[in-house]
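# Fold and contact review
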Amino acid sequence: MSRSGEKDTVWELKPHTAAKHQLLTGYLKAWFPILSRWNSRLVFIDGFAGPGIYKGDKPGSPVQALDVLLEHTHKDAMSSSEFIFMFNEAEKDRYDKLDTVVNEYIANHQPWPANIKVKTGCDSFEYVAEGILKHLEEQKKNLAPTFAFVDPFGVKGLSMDLLSRLLSFDRCELFVYFDFNTVNRFAAAGNIDDRLAELFGTDQFKRAADLTGSERKTFLHDLYQSQLMDACGFKYVKSFEMINETGHTGYFLFYGTRNFMGLKTMKEVMWNVDPGGGAVFSDILAGQDVLFDIKPDTLPLQEDLAQQFRGKRVSVETLEQYVVIETPYAAKHLKKATLKPMQERGIITSPNQKRKGTFPAKTLVQFA
Ligand SMILES: C[S@@+](CC[C@H](N)C(=O)[O-])C[C@H]1O[C@@H](n2cnc3c(N)ncnc32)[C@H](O)[C@@H]1O
């Protein structure tokens, strides 16, 4: 997706960017309270923060992230943890705007909570990330739980090596923009191979030259995904596709984590943004009124579970793990939309269920 505004200080907010913000804020809304329960410090890094604002005074990702915390219903319960927001933007004009926007935001939210620290910086992401790593090495410290939002224009300024070193700590998570459009265009061209090798952390992308169409798309997507798992050590990686105005894939957002709860939460958020499939947003369909409620088709999941667990007795917790990790569906699809109709059709029974069609914690499910 050619990203409008690459030359401007402030640019138009496109529907796909609003969808990206919905994913980001939906996730942070859950991540802040869950992690702050067990940790005295949390870090949010917006490595490619932009000017903090779009045309028409619409908020950019830094303001949206701050809003999540300051307007959170559990804000008071989180006040014993320190929240560090690091907003970095390399371009001076955009940084100046960002700094103004953030300072105004703080001035408009007085008295500013003492546990929320905001830092802005005008450097390259590489420089900032190297600085954090050097500091941690010197202090022999572990990085506090960190959510890194890495949202560049194009494929510049982002290497797998840097991500892997920054995000090798256990509780670090990543939400990263993968410019499929550019990668696909140049994977076989030979003129930006060094940059692509840095992005992927391997030169295997060159194998795309032998592929076309959807095979090539799947190959490049899966290669980036497997590199995030192998190089950064993420146990779970989940992507979300953005379709541009011409109906082609513009980019993917990849989320990486080592934590099951994180994956479960991000999948719920992805299904909120794409109620039909939990994986795609299209600029073409954006803004069109839908006259009926979009409900996911759970028949494929019913068939998958019936086959996977044939003859077995398992808990709903085991089924939830399977659904979240192994299928495209989210945990919220399991009980009412999947197990209930399966029970009605006699495919499953339960030896300890109190009320037919309901599956509270520890319910056992017997598959025929
Ligand atoms: C897509 S925009 C960010 C949008 C913002 N995250 C949001 O959602 O509102 C990417 C920004 O990264 C900045 N940028 C480009 N190269 C960079 C680098 N190496 N380090 C940090 N920022 C960079 C650009 O100037 C641009 O403002």
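Residues numbered from 1 in each chain as written. Predicted model: local features only at pLDDT ≥ 70, side-chain atom pairs only at ≥ 80, totals over all residues. Heavy atoms only, no water.

Quick look at the sheet that holds strand E12 (residues 348-349) now. Strand order in the open sheet made by the three strands is E11-E13-E12, with antiparallel pairing throughout. Two strands lie at the open edges of the sheet, namely strand E11 (313-315) and E12, each paired on one side alone. (Pairing = 2+ DSSP bridges. Helix = DSSP H or I, 4+ residues; strand = E, 2+ residues; numbered from the N terminus.)

Quick look at the site of the ligand now. Contacts to the ligand come from 24 residues, most closely from His21, Tyr54, Glu89, Arg94 and Asp151. Side-chain polar atom of His21 to an oxygen atom of the ligand: 2.8 Å apart, as the coordinates give it. At 3.0 Å, a backbone N or O of Ser61 approaches an oxygen atom of the ligand. Relative to its unbound accessible area of 610 Å², the ligand is 92% covered by the protein chains. More than half of the atoms of the ligand fall within 2 Å of the grid points belonging to the largest pocket. (Near = heavy atom within 4 Å. Polar contact = N/O pair within 3.5 Å; in protein donor to acceptor, adjacent residues only side chain to side chain. Areas by Shrake-Rupley, 256 points an atom, 1.4 Å probe, with all protein chains shown as cover. 1 Å grid on protein atoms, 1.4 Å probe; cavity = no way out; pocket = protein on both sides within 12 Å on 5 of 7 lines; lining within 4 Å. Sits in = over half its atoms within 2 Å of the grid points.)

Taken as a whole, the protein chain is organised into domain 1 (6-285) and domain 2 (299-367). Centre-to-centre, using C-alpha coordinates, domain 1 lies 34 Å away from domain 2. In this complex, domain 1 contributes eight residues to the contact, which on the side of domain 2 involves 12 residues. Of the roughly 920 Å² buried between domain 1 and domain 2, counting both surfaces, carbon and sulfur atoms make up 60%. (Domains from an automatic or database assignment. Contact = heavy atoms within 4.5 Å. Buried area = accessible area lost by both parts, 1.4 Å probe.)

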